[in-house]
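# A closer look at the structure
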Amino acid sequence: MYHKTVPYRIFTAFNTVGLLMLSLLCVIPLVHVLAVSFSAKSAADANLVVLWPVDFTLEAYKKTIDNPVFLHSIWVSVLRTVTGTALTLLLAVTAAYPLSKETSVFRGRNVYAWIFVFTMIFNGGLVPFYIVIQKLGLVNTFWVLIIPGAVNVWLTILLLNFFRGIPKELEEAALIDGAGHFRTLFHIYLPVSLPALATLTLFSMVFHWNSWFDGLLYLSNSRDYPLATFLQTVIIQRDMSSMSFDPKEMELISQKTVKAAQIFIGALPVLIVYPFLQKFFVKGLVLGSVKG
Amino acid sequence: MKGFKRTWPFHLMLLPSLVLLVIFNYIPMGGIVMAFQDYKPWLGIGGSEWVGLDNFRYLFERQDSLQVIWNTLLIAALKLVFNLAAPFTFALFLNEVRREGFKRYVQTMVYLPHFLSWVILGGILLDVLSTDGGFVNRALTAMFGIEPIFFLGDGNWFRFTVVVSDIWKEFGFGAIVFLAALANVDPSLYEAAEVDGASRLRQTLHITIPSMLPIAIVVGTLSLGNILNAGFDQIFNLYNPLVYDKGDIIDTFVYRTAILSGEMGFGTAIGLFKSLVSLVLILISYRLAYKWAGYRVF
């Protein structure tokens, strides 16, 4: 009834326009960067580019791709994302299964759960962590990007909450048929948990792709940097030292359009997985965290 | 023993994660003793001199560390309030949209910034907020005729920029829990209100908002435990020496003192101070969330 009243119609009109503007506000900066990356250098330097490329050219992308350091950092990031996600997922699955059991079935459950959760609320801080990594000889290895953060307690909790929603009868039937817990986990639980696993995979992928601080902290040779760390030094710190002192490359990073292209390439994988991500995560998240 | 025979697969499944947690989470906790030492890397924890609480005394005497604690509290508190209010309000307005297609479109757009890293967003912000021809300053000049604002180079504007850009990044994603709460409201409540002739505003005040309150209390209390996390990634990628006095937070300060300047004992002490205060706050806020809204973490 209220739908038809004049004040409500006026409100709806304003609301729609407001939300439309808000939604544009969230992507406009990215569109601007995209437009700059496709514009001619002169137009970009003169600040002529707003949301549409001026004098369209692929020059910036050509120069970016020409840079072997940049390409190598993409490779490091891809390798890191694939390996890191696989390991995190495996650990989350194997830890979430026992933790999802009732205490009556698995008596040690609460002790383990506390050991896991405590790491979320207290830590030794950056310095002791750094020293442990150093003592383990992980500094300047690829594995420093993967191993220290492999156990993701937050994702494990998300998954264990999902596991709890799986009907007990499924598991009981499997156990009566003589299947062990490993078999039950991999053949009964995992196939019905695909939405949750998709959510975890995508969260973990985004996490690994975006991580930059560990690279900065533990890798001293900038040629080993993953893309996010490379971008951090070149674009944020404007640090030329991660490039060789080839004047051609110096010119390359000082250019606005090239920077824009690099930023956009850095964001691209997230933009690509995002639509799939969005389909899953709302359900996965709400099931996993809110209802508890 | 009979129990273990039945549950050994569980222990085995947990073993790899447990080993990693011990190595990378529990062993570093032992390194906390460095906070009570004048730690020298070449002497190690065993050889460094014990100095008792000197590092902590130093922490509360140094002008810069007190300033840093204040910055952290201020920035985090502002974020806490606005990152609760903005998603709440946004969810309320989005809830009034009846066209599903438009609703989904808005949601898709506003969730996006959450998934981009502060490196990417920092790179974008450095560009669009710059004083010489940045997109934002040009728009402000064109619309209001004001002088360009030094968003990232002036301490007060820096704080403003940090809080606003964080809201911008997270409000959409933060709204998910509120939208979920709204989807669970019993439609018959609205029908009954309609029959009673309640306007939409009244329905919002008496049905919609109350049904969002429990989850708002949970989100609010839980983020209380994060009051010393002002956002390392964001600050680190946006700040510069010009705004160290008003923009430096505990986490960035630890990085600069301990890792860059090598004051390891002092860096550990301030890190420990942060962890301890956070731990207490988290335990309190978990308890409150349970008491007020019946929420358990898991």
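Scoring rules and cut-offs
Residues numbered from 1 in each chain as written. Chains lettered and ligands numbered in written order. Predicted model: local features only at pLDDT ≥ 70, side-chain atom pairs only at ≥ 80, totals over all residues. Heavy atoms only, no water. Helix = DSSP H or I, 4+ residues; strand = E, 2+ residues; numbered from the N terminus. Rg over C-alpha atoms; globule rule 2.2 N^0.38 Å. Buried < 20%, exposed > 50% of the residue type's maximum accessible area, 1.4 Å probe, protein only. Contact = heavy atoms within 4.5 Å. Areas by Shrake-Rupley, 256 points an atom, 1.4 Å probe, with all protein chains shown as cover. Lys, Arg positive; Asp, Glu negative; His and termini not counted. Charge placed at Lys NZ, Arg CZ, Asp CG, Glu CD. UniProt positions renumbered as here; feature names shortened; annotations may be inferred. Buried area = accessible area lost by both parts, 1.4 Å probe. Salt bridge = Lys/Arg side-chain N within 4 Å of Asp/Glu carboxyl O. Polar contact = N/O pair within 3.5 Å; in protein donor to acceptor, adjacent residues only side chain to side chain. Phe/Tyr/Trp six-rings, centres within 6.5 Å; stacked < 30°, edge-to-face > 60°. Lys NZ or Arg CZ within 6 Å of the ring centre and 35° of its normal. pLDDT = per-residue confidence, 0-100.

## Here's the deal with the overall build of chain B
When its secondary structure is counted, chain B shows 14 helices and 2 strands. The globule rule puts the C-alpha radius of gyration for 298 residues at 19 Å, and the 24 Å found for chain B is more than 25% above it. Taking the principal axes of the C-alpha coordinates as reference, chain B spans close to 80 × 75 × 30 Å. Within the span of chain B, comprising 298 residues, buried residues form 52% of the whole. The long-range share in chain B, meaning contacts at least 24 apart out of those at least 6 apart in sequence, stands at 63%. Summed over all atoms, the accessible surface of chain B reaches about 13,900 Å², with 67% contributed by carbon and sulfur. Side chains of chain B give 22 positive and 22 negative charges; the mean places of these two sets differ by 11 Å.

## Remarks on the UniProt feature "domain: ABC transmembrane type-1" (unreviewed entry) in chain B
As annotated in UniProt, the feature "domain: ABC transmembrane type-1" (unreviewed entry) corresponds to residues 69-285 of chain B in the numbering used here. Measuring from the first to the last C-alpha atom of residues 69-285 of chain B gives 20 Å, for a span that is 77% helix and 0% strand.

## What to know about the interface of chain A and chain B
Interface size is often expressed as the accessible area that is lost when the parts come together. Each side of the interface is counted separately: chain A has 98 residues, and chain B has 89 residues. Surface buried jointly by chain A and chain B totals about 8,400 Å² across both partners, of which 77% is contributed by carbon and sulfur atoms. Summed over the shared surface of chain A and chain B, the number is 1 salt bridge. We note a salt bridge from Lys256 of chain A to Asp127 of chain B, for which the minimum N-O separation is 3.9 Å. Applying the counting rule to chain A against chain B returns 15 residue pairs in polar contact (both at pLDDT 80 or more).

## Describing the UniProt feature "transmembrane region" (unreviewed entry) in chain A
All names here are of chain A. The UniProt entry lists residues 12-35, 74-99, 111-131, 143-163, 184-209 and 260-277 under the feature "transmembrane region" (unreviewed entry), expressed in the numbering used here. With 100% helix and 0% strand, the stretch residues 12-35 has end C-alpha atoms that lie 33 Å from each other. In residues 111-131, helix accounts for 81% and strand for 0%; the two terminal C-alpha atoms are 28 Å from one another.

## Points about the UniProt feature "transmembrane region" (unreviewed entry) in chain B
All names here are of chain B. Sequence positions flagged by UniProt for "transmembrane region" (unreviewed entry) are, in local numbering, residues 12-36, 68-93, 105-126, 171-190, 211-232 and 264-286. Secondary structure across residues 211-232 divides into 68% helix and 0% strand, with the first and last C-alpha atoms of the span separated by 34 Å. Helix makes up 100% of residues 264-286 and strand makes up 0%, while its end C-alpha atoms are separated by 32 Å.

## Points about the packing of aromatic side chains
What describes a pair of aromatic rings is the distance from one ring centre to the other and the angle between the planes of the rings. Under the defined criterion, the tally for this structure stands at 40 aromatic pairs over all chains. Judged by centre distance (5.6 Å) and plane angle (90°), the ring pair of Phe115 of chain B and Phe173 of chain B falls under edge-to-face. Residue Phe115 of chain B is found in the loop between helix H5 (100-111) and helix H6 (118-128), and its partner Phe173 of chain B is found in helix H8 (residues 155-183); the two are separated by 58 residues along the sequence. Of the two residues, Phe115 of chain B and Phe173 of chain B, neither departs from the other in class, the shared state being buried. Ring geometry for Trp157 of chain B against Phe160 of chain B: centres 5.1 Å apart, planes inclined by 90°, an arrangement best described as edge-to-face. With a gap of 3 residues between them, Trp157 of chain B and Phe160 of chain B both fall in helix H8, about one helical turn apart. Here Phe160 of chain B falls in the partly exposed class, since its relative accessible area comes to 42%. An aromatic cluster of at least three residues, connected via ring pairs, comprises Trp212 and Phe213 of chain A together with Phe232, Phe236, Tyr239, Tyr244 and Tyr255 of chain B. Its guanidinium or amino end placed over the ring of Tyr97 of chain A, Lys101 of chain A lies 4.0 Å from that ring's centre, counting from NZ or CZ. Here the basic side chain of Arg256 of chain B rests over the ring of Tyr244 of chain B, its NZ or CZ set 3.7 Å away from the ring centre.

## Looking at the pattern of salt bridges
Throughout the structure, instances matching the rule amount to 12 salt bridges over all chains. For Asp45 of chain A, the salt bridge goes to Lys41 of chain A, with nearest N and O atoms at 3.2 Å. One end of the pair, Asp45 of chain A, and the other, Lys41 of chain A, are both in helix H2 (residues 41-45), 4 residues apart, so they sit about a helical turn from each other. What makes Asp45 of chain A partly exposed here is its relative accessible area of 42%. According to the relative accessible area criterion, Lys41 of chain A is partly exposed, its value standing at 39%. A salt bridge links Lys169 of chain B to Glu170 of chain B, with the nearest nitrogen and oxygen atoms 3.4 Å apart. Overlapping salt bridges bring together Arg62, Asp64 and Glu263 of chain B as one network.

## As for the environment of Leu125 of chain B
Residue and element names in this part refer to chain B. Along the chain, Leu125 turns up in helix H6. Sequence separation of Leu125 and Leu152 is 27 residues, and the distance between their C-alpha atoms is 9.1 Å. Excluding anything up to four places from it in sequence, Leu125 contacts Trp118, Ser130, Leu152, Ser165 and Leu238.

## A word on the confidence of the model for chain A
All names here are of chain A. For chain A, the average pLDDT comes to 87, and 90% of its residues sit at 70 or higher. By mean pLDDT, the top-scoring element of chain A is helix H4 (residues 68-99) (96), and the lowest-scoring one is helix H13 (residues 247-254) (55). Predicted confidence for residues 288-292 stays below pLDDT 50, and this span has 12 contacts to residues more than four positions away or in other chains.

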